[in-house]
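# Observations on the three-dimensional arrangement
Listed below are the residues making up each chain.
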Amino acid sequence: MDSFEVPGTESQRAFDLLDERFPDRAGSSARVVYSVDDAPLLSDPEVMIGIEESLVAIDALSGVVPPVADRSVRVAPDGRSAFVDIDFAAQPYDVSADLVGEVETLIESQTDERIDVDFSGDAIDATEPGHPPTSELIGLAVAVVVLLVAFGSVIGMALPLAAGMLSVVVGLSVITICAGFVDVNSVAPTLATMIGLAVGIDYTLFIVARHRQHLAEGLDPRESAALAVGTTGGAVVFAGVTVVIALSGLFVAGIPFLTVMGLAAAATVLIAVAIAVTLTPAMLGFAGMNIERISVRRHSKSVDRPPASSRFAKMVIARPIVSLVAAVSVLLVLSMPVLSMDLGLLDDGTAPTSSTQRRAYDTIAAGFGAGVNGPLSLVVDLADVEPDDRGDVVQSVQTAVADTDGVQVVAPPTLNVAGDTAILNVIPISGPADPATEELVDEIRDSVLPTTVDGTRAETAVTGSTAANIDVSRQLSGALPAFMVLVILLTILLLAVVFRSAFVPVKAAIAILLSIGASLGVLVAVFQWG
């Protein structure tokens, strides 16, 4: 089951209040977007007949929440685009895929064939069929090529791959079992697969490489396998524990779904370590001298020549000061873009251009303005307000927010049956990922709403997907320093216990920080700077 709650944030408090006061409005939604290149215009009454008939049929479906008033399709000023929102009673990942499919079929079958129809919204995202594991397959193909080049034999290549894949299979099995007792979001298995496959191959590769070195020195295969685990197994366990510490440290963010993701990946890493130090030597002993069989390249005649990595290491050690200054300088340069890093969650504006969500996003932005893609929801809690004063309070909120710079329009309020809670949808001028939208949310929360409801005993909150994304990003940004400090301190402690030295852990911590800075810097340069 997917759960993306972020306790302690204003948007989450508003979601919880809506769940209590608006049970039929706290579900999920789908947006239907219509577009035409030429005639007929969507403002043509004849064109709207089929669309309106499909909407009437959709409102009659079980699981669809009908509108309070007649459902209307909003048409762009140029008549070339339009949209309508459909609400579902269930949460996104509880909405039946059959129901969403029936809605899509009704829309497409009763809409003029000259009109293009696209869909977006959390209900659409949640019920989309899973994508094929293209990235994992590409990663495996690259690993096959690299290992074949490195080892020169099919069996030598196959052992690390088999260990990595087994780590993922066992890890996913454990995650599936745990999902029967606790909520595990759908992203956790993906993260576990990516990390489990990487470390499973990597850790086994350490041992296999050392084993082949011992075989070349003339050791018996069984003795070689045991010696390889004895000399390299400690490094594998240490590396694995370090990764587990980092992944488990995600709990400091205070976001439950991130904690679950980290623990799921950490469990897969532990399984990979166990397989590397137990199953791998067994497979090596079983393979014997056959690990060099099925060669894919001619063996070098200069067997005694040291590998390129060894020659490079000797070159670095011969000039330590020059190498240190050069390496640190490069890492610092690569880290510079981190200073302009903007954190945020993905929206439909970053989806592939081939997806229906991205087409819907672009159509809305072109016809209605970018802000329509990221509406805000104002929740006004009127429980402590006198019934006769509630209408005036809501009207004051609507007027104050509508007069705020950066607001395009404020829709009329919707009250629940008890009349103690109101929802007002606010359309910003700027898009959901625009910094101006974040500034607008801050102004409404910190200035406009508190001033407007002061003395009325009403309570307000800003929520919606855009506001929730802002809250999550800020919580992640605030937790990042604590996360890094925790991981670095635990790593230093672990290194101090292993090496019984103060210099080695501090040097390792500095190297880790530089590598993190360089990695994030490259990500900012590529994805944020373009």
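For the structure itself, look to the data block above.
Conventions adopted
Residues numbered from 1 in each chain as written. Predicted model: local features only at pLDDT ≥ 70, side-chain atom pairs only at ≥ 80, totals over all residues. Heavy atoms only, no water. Salt bridge = Lys/Arg side-chain N within 4 Å of Asp/Glu carboxyl O. Helix = DSSP H or I, 4+ residues; strand = E, 2+ residues; numbered from the N terminus. Buried < 20%, exposed > 50% of the residue type's maximum accessible area, 1.4 Å probe, protein only. Expected span 1.5 Å × (residues − 1). Contact = heavy atoms within 4.5 Å. Pairing = 2+ DSSP bridges.

## A few points about the pattern of salt bridges
- Inspection of the entire model under this criterion finds eleven salt bridges.
- With its nearest N and O atoms 3.9 Å apart, the salt bridge here joins D420 to R21. You can see D420 sitting in the loop between β8 (414-415) and β9 (421-428) and its partner R21 sitting in helix α1 (residues 10-21), a full 399 residues away along the chain. R21 shares its class with D420; the two are buried.
- With its nearest N and O atoms 2.8 Å apart, the salt bridge here joins D118 to R359. With D118 in strand β5 (residues 116-120) and R359 in helix α12 (residues 356-368), this pair connects stretches of sequence that are 241 residues apart.
- Residue D118 is classed as buried on the basis of its relative accessible area of 6%.
- Its relative accessible area of 36% is what places R359 among the partly exposed residues.
- Linked by salt bridges that have partners in common, E20, R21, D381 and D420 make up one network.

## As for α1
- Its twelve residues place the ends of α1 16 Å apart at the C-alpha level, agreeing with the 16 Å of an ideal helix rising 1.5 Å per residue.
- At its buried positions, α1 is contacted by β6 (376-381), β9, α14 (435-453), β10 (459-463) and α15 (465-499).

## Notes on the pairing of strand β1 (residues 28-35)
- A large share of β1 lies buried, amounting to seven of its eight residues.
- The pairing of β1 with strand β4 (residues 81-88) spans eight bridges and is antiparallel. Looking at β4, one finds that R31 is bridged to D85.
- Bridge count between β1 and β5: five bridges; the pairing is antiparallel.

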